[in-house]
Amino acid sequence: MGYTVAVVGATGAVGTQMIKMLEESTLPIDKVRLLASARSAGKTLPYKGEELTIEETTETAFDGVDIALFSAGGSTSAKYAPYAVKAGAVVVDNTSYFRQNPDVPLVVPEVNAHAMDAHKGIIACPNCSTIQMMVALEPIRQRWGLDRIIVSTYQAVSGAGATAIQEALGQLHEAVVDGVNPKDLTAKILPSGGDKKHYPIAFNALPQIDLFTDNDYTYEEMKMTKETKKIMEDDSIKVSATCVRVPVLSGHSESVYIETKDPAPISDVKEAIAKFPGAVLEDDPSQQLYPQAVNAVGRRETFVGRIRKDLDAENGIHMWVVSDNLLKGAAWNSVQIAESLHERGLVRKTEEMVFELK
């Protein structure tokens with residue numbers, strides 16, 4: 001007998017990709033239910049040749065649901081995920097709300113699927129930029145250890161949602177067709193919808209993703225720092241991030257510098273990455289072969305290249321990491337977690353699956 005799977009936030013940029021990933025999933029599924037806000041209820045979305053009617057997300061919407069994939073914002077997860085667990089569902093949450101909760105596993109299946117074994121009803125999906133970095137670095141950590149990570153991201157507009165994509169395309173039209181000076185383009189969303197000022201992304205690069213924290217790092221940067229330590233189960237790893245939004249529609253890119261604990265020959269590093277599940281080595285400077293965002297879109301893998309030894313630090317290594325932020329960075333990682341839950345026999349109601357209702 002198959003599962004009933006609910007997608008919460010079905011109409012969003014990630015939610016629609018979750019539906020596609022479920023269509024291609026190996027998960028035994030009897031029924032898919034689509035949940036969203038009241039304004040979307042009654043509309044339909046396609047799934048395997050059928051039109052499924054969207055239901056409103058409510059406290060009682062999870063009766064009969066075995067797995068609930070959440071991607072409708074932190075406030076929605078905070079309010080409704082405990083009700084889903086109470087109804088007997090296992091929640092896979094794609095927001096940041098539960099990621100640092102010590103009772104919630106934070107999972108990239110290729111890296112730490114074992115963390116799900118003691119789950120209490122909710123599994124958190126890491127930040128998109130963290131996920132791809134973990135896939136690239138885990139084979140190195142396993143063999144040579146990691147002492148330090150310094151990452152600069154080049155993150156796509158789709159990471160800010162469908163409305164940000166439309167704003168970026170609108171700005172491009174204003175600049176190219178209407179001749180508006182790029183600095184005068186209409187901006188209402190980026191770099192962060194909740195901040196005081198907004199700047200154009202077309203022909204620009206914005207060194208701010210999310211709001212700034214008290215230490216002058218953004219929340220996005222602090223997510224990468226904290227999530228890396230939790231996933232790799234090592235608070236001693238030194239992590240620092242600078243997160244930048246660039247005028248790319250989909251596909252996050254990262255320049256990653258690491259220092260290993262033990263010397264790591266570059267040829268061996270490349271071999272380890274090439275053999276690691278979910279990672280694809282694209283590294284041949286003689287043929288100008290390296291990962292590119294346009295090539296990663298629509299792919300589930302994480303692409304790694306430009307791997308080279310630092311010129312001064314003995315154990316320093318540089319690399320370039322690219323992945324589709326809506327797939328491996330969100331929708332596919334969430335469905336992959338659901339598949340791992342099934343494979344490990346963890347889709348079940350237990351006494352431990354209790355979260356206090358807010």
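Residues numbered from 1 in each chain as written. Predicted model: local features only at pLDDT ≥ 70, side-chain atom pairs only at ≥ 80, totals over all residues. Heavy atoms only, no water.

Observations concerning the overall build of the protein chain
Phase 1 of the analysis: A count of helices and strands for the protein chain gives 9 helices and 13 strands.
Phase 2 of the analysis: Relative to a compact globule of 358 residues, whose C-alpha radius of gyration would be 21 Å, the protein chain shows 20 Å and is just as compact.
Phase 3 of the analysis: Overall, the protein chain is about 60 × 55 × 45 Å in size when its C-alpha atoms are taken along their principal axes.
Phase 4 of the analysis: Evaluated residue by residue, the protein chain yields a buried proportion of 55% over its 358 residues.
Phase 5 of the analysis: When contacts within the protein chain are restricted to residue pairs at least 6 apart in sequence, long-range pairs at least 24 apart make up 66% of them.
Phase 6 of the analysis: As displayed, the protein chain offers around 15,800 Å² of accessible surface, 49% of which is attributable to carbon and sulfur atoms.
Phase 7 of the analysis: In the protein chain, the 36 positive side-chain charges and the 48 negative ones have mean positions that sit 2 Å from each other. (Helix = DSSP H or I, 4+ residues; strand = E, 2+ residues; numbered from the N terminus. Rg over C-alpha atoms; globule rule 2.2 N^0.38 Å. Buried < 20%, exposed > 50% of the residue type's maximum accessible area, 1.4 Å probe, protein only. Contact = heavy atoms within 4.5 Å. Areas by Shrake-Rupley, 256 points an atom, 1.4 Å probe, with all protein chains shown as cover. Lys, Arg positive; Asp, Glu negative; His and termini not counted. Charge placed at Lys NZ, Arg CZ, Asp CG, Glu CD.)

A closer look at the sheet that holds strand 12 (residues 302-309)
Phase 1 of the analysis: If you walk across this open sheet you meet the 6 strands as 9-8-10-13-12-11, and the pairing is mixed. The sheet is open, and its two borders are formed by strand 9 (238-245) and strand 11 (279-281), each paired with just one other strand. Sheet twist, expressed as the average angle between the axes of neighbouring strands with direction ignored, equals 20°.
Phase 2 of the analysis: Here strand 8 (residues 146-155) runs beside strand 9; their pairing, made up of 8 bridges, is parallel. Bridging across to strand 9, S152 finds its partner in T242. (Pairing = 2+ DSSP bridges. Axes fitted to C-alpha atoms, helices over the stretch in contact; angles between N-to-C directions.)

Observations regarding the pattern of salt bridges
Phase 1 of the analysis: In this structure the tally under the stated criterion is 16 salt bridges.
Phase 2 of the analysis: E110 is paired through a salt bridge with K328; the nearest N and O atoms lie 2.9 Å apart. Of the two residues, E110 sits in helix 3 (residues 109-112) while K328 sits in helix 9 (residues 327-343), which places them 218 residues apart along the sequence.
Phase 3 of the analysis: For E110, a relative accessible area of 17% corresponds to the buried category.
Phase 4 of the analysis: One salt-bridge network, held together by shared partners, links D210, E220 and K223. (Salt bridge = Lys/Arg side-chain N within 4 Å of Asp/Glu carboxyl O.)

Digging into the packing of helix 4 (residues 128-144) against helix 9
The relative placement of two packed helices comes down to the angle between their axes together with the axis-to-axis distance.
Phase 1 of the analysis: The N-to-C vectors of helix 4 and helix 9 enclose an angle of 85°; their axes lie 8 Å apart at closest approach. In terms of orientation, helix 4 lies roughly perpendicular with respect to helix 9. Across the interface between the two elements, C128, I131 and V135 from helix 4 touch K328, G329, A330 and N333 from helix 9.
Phase 2 of the analysis: When grouped by side-chain class, the residues that make up the contact of helix 4 with helix 9 number 4 nonpolar, 2 polar and 1 charged. (Parallel < 35°, antiparallel > 145°, perpendicular 65-115°, else oblique. Nonpolar A, V, L, I, M, F, W, Y, C, P; charged D, E, K, R; others polar.)

Examining the packing of helix 1 (residues 13-24) against helix 9
Phase 1 of the analysis: For the pair helix 1 and helix 9, the least separation of the axes is 9 Å and the interaxial angle reads 50°. When the axis of helix 1 is compared with that of helix 9, the two are oblique. At the point where helix 1 passes helix 9, the crossing takes the right-handed sense. From helix 1, V14, Q17, M18, M21 and L22 reach across to helix 9, where they touch L327, A330, A331, W332, S334 and V335.
Phase 2 of the analysis: A per-class count over the contact of helix 1 with helix 9 returns 9 nonpolar, 2 polar and no charged. (Left-handed = near helix turned anticlockwise from the far one by under 90°.)

Structural notes on helix 9
Phase 1 of the analysis: Compared with an ideal rise of 1.5 Å per residue, which puts 17 residues at 24 Å, helix 9 spans 21 Å between its outermost C-alpha atoms and falls more than 12% short.
Phase 2 of the analysis: Maximum bend of helix 9: about 40°, positioned at N333.
Phase 3 of the analysis: The buried count for helix 9 comes to 15 of 17 residues, which makes it a mostly enclosed element.
Phase 4 of the analysis: G345 lies just past helix 9 and shows a positive phi near 65°. (Expected span 1.5 Å × (residues − 1). Bend = angle between axes of the 7 residues up to and from the residue.)

Concerning helix 6 (residues 219-231)
Phase 1 of the analysis: Between the first and last C-alpha of helix 6 there are 18 Å, a value that for 13 residues agrees with the 18 Å anticipated at 1.5 Å per step.
Phase 2 of the analysis: Across the 13 residues that make up helix 6, a large majority, 10, are buried.
Phase 3 of the analysis: Buried-residue contacts for helix 6 involve helix 3, helix 4, strand 8, strand 9 and strand 10 (252-260).
Phase 4 of the analysis: The first or second residue beyond helix 6 is E233, which carries a positive phi of 55°.

Comments concerning the nonpolar core
Phase 1 of the analysis: Among the nonpolar cores identified, the biggest contains 92 residues, and L137 and M319 are the most heavily contacted of them.
Phase 2 of the analysis: Counting 7 residues, the second-largest nonpolar core is a separate cluster that includes V157, A164, A168 and I201. (Core = buried A, V, L, I, M, F, W, Y, C linked by side-chain atoms within 4.5 Å.)

These figures capture arrangement, not role.
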